[in-house]
Amino acid sequence: ERAIPFERDVTYPGRSGRTWTIDYQTHLPDRTSLIFLLATGSRAAARRVTERVVAGLYDLSYLKAVRPPLSFISLFDDREDVWQNEDFQLVQELSLIARWSRPDEFEAMLRDGYGMNMRRDF
């Protein structure tokens with residue numbers, strides 16, 4: 001609805017040789033974003049989801065050097081209260097953090113490559 005072209009389930013090889021499936025890839029004139037969706041209804045599974053995304057972000061980080069301007073965004077589905085501060089902290093050094101409940105901030109990240117998560121108000 002915000003006129004941002006995207007693809008689902010895009011794959012890229014990591015530097016380890018593993019192929020990663022990215023949930024969404026957006027294409028705007030000035031930026032491409034790879035979006036990792038973190039979603040679960042279980043607090044017990046939340047850390048595993050986070051650790052999988054961190055592994056993917058690290059393994060694919062070389063793409064920023066070979067395909068600029070590229071941004072990584074970790075989109076937390078915060079409709080369920082399953083995420084701990086540590087989950088956000090684990091991904092914040094490797095990607096921007098977006099929340100499902102804040103669509104305007106998410107759109108700014110897609111369009112500008114930066115976001116409000118600099119506030120660190122997890």
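For the structure given in this document, a descriptive report is provided here. Computed from a predicted model, the values in this text were never measured in an experiment. (Residues numbered from 1 in each chain as written. Predicted model: local features only at pLDDT ≥ 70, side-chain atom pairs only at ≥ 80, totals over all residues. Heavy atoms only, no water.)

## Notes on the overall build of the protein chain
Put simply, the rule reads: Note on conventions: DSSP H or I runs of at least 4 residues are helices, E runs of at least 2 residues are strands, and numbering of each starts at the N terminus. A radius of gyration in this sense is built from C-alpha atoms; the matching globule rule multiplies 2.2 Å by the number of residues raised to 0.38. Throughout this description, buried means an accessible area under 20% of the type-specific maximum (1.4 Å probe, protein chains only), exposed means over 50%, and partly exposed covers the range between. The contact definition used throughout considers only heavy atoms, calling two residues in contact when any of these lie within 4.5 Å. All accessibility values rest on the Shrake-Rupley procedure with a 1.4 Å probe; residue burial counts only the protein chains present in the view. When charges are tallied, Lys and Arg are placed among the positive residues and Asp and Glu among the negative ones, while His and the ends of the chain are skipped. To locate a charge, take NZ of a lysine, CZ of an arginine, CG of an aspartate or CD of a glutamate.
Regarding its fold elements, the protein chain presents four helices and five strands. When the helices and strands of the protein chain are read in sequence order from the N terminus, they spell out β-β-β-α-α-β-α-β-α. A compact globule built from 122 residues should have a C-alpha radius of gyration of about 14 Å, and the protein chain, at 14 Å, falls within 12% of that. Once the C-alpha set of the protein chain is aligned to its principal axes, its extents read approximately 35 × 35 × 25 Å. Taken across its 122 residues, the protein chain has 44% of its residues classed as buried. Summarising the internal contacts of the protein chain: among those between residues at least 6 apart in sequence, 51% fall at separations of at least 24. Per element, the accessible surface of the protein chain, about 6,800 Å² overall, is 50% carbon and sulfur. Distance from the positive charge centre (17 side chains) to the negative charge centre (19 side chains) of the protein chain: 3 Å.

## Section: the pairing of strand β4 (residues 70-76)
Let me state the cut-off plainly: Two strands form a pair only when DSSP identifies at least two bridges running between them.
Within β4, seven of the seven residues are buried, leaving the element largely enclosed by the surrounding structure. A two-sided burial pattern is seen for β4, the buried positions comprising Leu 70, Phe 72, Ser 74 and Phe 76 on one face and Ser 71, Ile 73 and Leu 75 on the other. One ladder, built from seven bridges, connects strand β3 (residues 31-38) with β4; its direction is parallel. Across the sheet, residue Thr 32 finds its bridge partner in β4, namely Leu 70. Alignment of β4 against strand β5 (residues 96-99), held across four bridges, turns out to be parallel. Each bridged residue has a counterpart across the sheet, and for Leu 75 the counterpart in β5 is Ala 98.

## Description of the side chain of Asp 77
Along the polypeptide, Asp 77 turns up in the loop between β4 and α3 (85-92). Setting aside its immediate chain neighbours within four residues, Asp 77 contacts Leu 38, Ala 39, Trp 83 and Trp 100.

## Considerations on the sheet that holds β5
Here is the rule we go by: Working convention: axes come from line fits to C-alpha atoms, limited for helices to the stretch in contact. Angles between N-to-C directions cover 0 to 180 degrees.
Strand order in the open sheet made by the five strands is β1-β2-β3-β4-β5, with mixed pairing throughout. In this open sheet, the two edge strands, each paired with only one partner strand, are β1 (6-13) and β5. Taking the axes of each pair of neighbouring strands and ignoring which way they run, one obtains an average angle of 40° across the sheet. Note that strand β2 (residues 19-28) and β3 share five bridges and pair antiparallel.

## Looking at α3
To keep things clear, this is the line we draw: What the arc describes is the spread of directions from the helix axis to the C-beta atoms.
Every buried residue belonging to α3 is among Asp 87, Phe 88 and Val 91, and all of these are buried. One side of α3 carries all its buried residues, which in axial view fall inside an arc of 95°. If you follow the buried residues of α3, they end up packed against α1 (43-60), β4 and β5.

## Observations concerning the nonpolar core
The nonpolar side chains of a soluble globular protein tend to be buried, and buried together. Convention followed: To qualify as a nonpolar core, a set must consist of buried Ala, Val, Leu, Ile, Met, Phe, Trp, Tyr and Cys residues joined through side-chain atoms within 4.5 Å.
Grouped together as the largest cluster of nonpolar side chains are 22 residues, with contacts concentrated most on Leu 34, Phe 36, Leu 60 and Trp 83. Those elements giving two or more residues to this core turn out to be β1, β2, β3, α1, β4 and α3. In terms of residue count, α1 provides more of this core than any other element does, six residues in total. Among all residues touching Trp 83, those that are not within four sequence positions of it are Leu 38, Ala 39, Thr 40, Ala 46, Val 49, Thr 50, Phe 76, Asp 77, Asp 78 and Phe 88.

Just geometry here; none of it tells us what the structure is for.
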